[in-house]
Structure formats: structure tokens, C-alpha cells
Amino acid sequence: MQADTVMDIDVLRQSADDASRLMKVLSNPDRLLLLCQLAQGEKRVGELEEIVGILQPTLSQQLGVLRDEGLVSTRREGKNIYYRIDSPQALAVLNVLYLQFCGTPKE
């Protein structure tokens, strides 16, 4: 941002609130693991349970938080519920986190 650019404080405050809310949701390790898996593509609930090793009650609770916050969406196919990331902002943050923490070996 240039020094002579003045941002509308109300717009800036709303953006800060939105960013803070996203970071709060991402700060839970279970939710972060789930989103990392969903960043690779849509997954069934059963698949998520197997991959991340989170038991059903906790899995349902954390997926509910992600859904309530608008980070994921669902579709039903028969008895299966599929989850996918529905937030470009969350996906962008996940990509940065991946590059910082998973993309290269730590020295």
C-alpha cells in the first residue's frame, strides 16, 4: 500500500474482522487437517474420518463449524455426504500455509 493511499476505516475494519474470523477457524488443528484434505478435492465424510483419524462426533462438530462459517459446502449422493472447500480466501491461506510448513523440508 502506498503512503499517500488512505483506506476507508470502515472497509478496513470489516476486512480485519473477516480475516480474524477466518484465522480463528483455521487455528483449530482438526479443522486445519480437514481443510488440508479438502484442498486436494471433494471428499466423503467416511473418507475424511479414515484419512485424518478424527472420530465421528468430533468430525461432525468440526465439519459443522466449517459449514457454518461458509468455508465448506456439501452435496448428498445417496447416503453419502460430500464436502468441498467453498471459500477462495480459505483456499488461498491454506496454499500459503502449505508452502510455509509442508512444501519444503525444514532445515
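Scroll up for the structure.
Since the model is a prediction, treat every value here as computed from it, not as a measurement. (Residues numbered from 1 in each chain as written. Predicted model: local features only at pLDDT ≥ 70, side-chain atom pairs only at ≥ 80, totals over all residues. Heavy atoms only, no water.)

Enquirer: Any chance you could explain the side chain of S87 here in plain terms?
Expert: Structurally, S87 can be placed in the loop between β3 (80–85) and α5 (88–101). On the accessibility criterion, S87 (8% relative accessible area) is buried. If near-sequence neighbours (up to four positions away) are discounted, S87 is found in contact with G70 and L71. (Helix = DSSP H or I, 4+ residues; strand = E, 2+ residues; numbered from the N terminus. Buried < 20%, exposed > 50% of the residue type's maximum accessible area, 1.4 Å probe, protein only. Contact = heavy atoms within 4.5 Å.)

Enquirer: Looking at this structure, I do not really get the packing of helix α2 (residues 29–38) against helix α4 (residues 56–68). What am I missing?
Expert: Pairs of packed helices are described in terms of their axes, by the angle between the two and the distance that separates them. Relative orientation of the contacting elements α2 and α4 amounts to 75°, with a least axis distance of 10 Å. Between α2 and α4, the angle is such that the two are roughly perpendicular. Residues D30, R31, L34 and L35 of α2 pack against T58, L59, Q62, L63, V65 and L66 of α4. Looking at side-chain class alone, the contact of α2 with α4 contains six nonpolar, two polar and two charged residues. (Axes fitted to C-alpha atoms, helices over the stretch in contact; angles between N-to-C directions. Parallel < 35°, antiparallel > 145°, perpendicular 65-115°, else oblique. Nonpolar A, V, L, I, M, F, W, Y, C, P; charged D, E, K, R; others polar.)

Enquirer: Help me understand the nonpolar core, please; the structure alone is not making it clear to me.
Expert: Across soluble globular proteins, nonpolar side chains show a tendency to be buried alongside one another. If you look at the biggest cluster of nonpolar residues, it comprises 19 residues, and the most contacted ones within it are L34, L35, L63 and L66. Of all elements in the fold, only α1 (9–26), α2, α3 (45–52), α4, β3 and α5 reach the threshold of two or more residues within this core. In contact with L66, not counting residues within four places along its chain, are V25, R31, L34, L35, L71 and V72. (Core = buried A, V, L, I, M, F, W, Y, C linked by side-chain atoms within 4.5 Å.)

Enquirer: Could you clarify how one ought to interpret the environment of S87 in this entry?
Expert: Separated by 31 residues in the primary sequence, S87 and Q56 have C-alpha atoms spaced 24 Å apart. Only 3.0 Å separates the side chain of S87 from the backbone nitrogen of A90, close enough to count as a polar contact. (Polar contact = N/O pair within 3.5 Å; in protein donor to acceptor, adjacent residues only side chain to side chain.)

Enquirer: What's the story with the sheet that holds β3 in this structure? I'm lost.
Expert: Where strands meet in a sheet, backbone hydrogen bonds hold them as pairs that are either parallel or antiparallel. In spatial order, the strands read β1-β3-β2; together these three strands make up an open sheet with antiparallel pairing. Here the strands that pair on one side only, and so sit at the sheet edges, are β1 (43–44) and β2 (72–77). One ladder, built from two bridges, connects β1 with β3; its direction is antiparallel. By the bridge assignment, R44 is partnered in β3 with Y82. Contacts from α2 reach β1, β2 and β3 within the one sheet, and its direction differs from that of β3 by about 90°. Docked against the sheet, α4 engages β2 and β3, running at close to 115° with respect to β2. (Pairing = 2+ DSSP bridges.)

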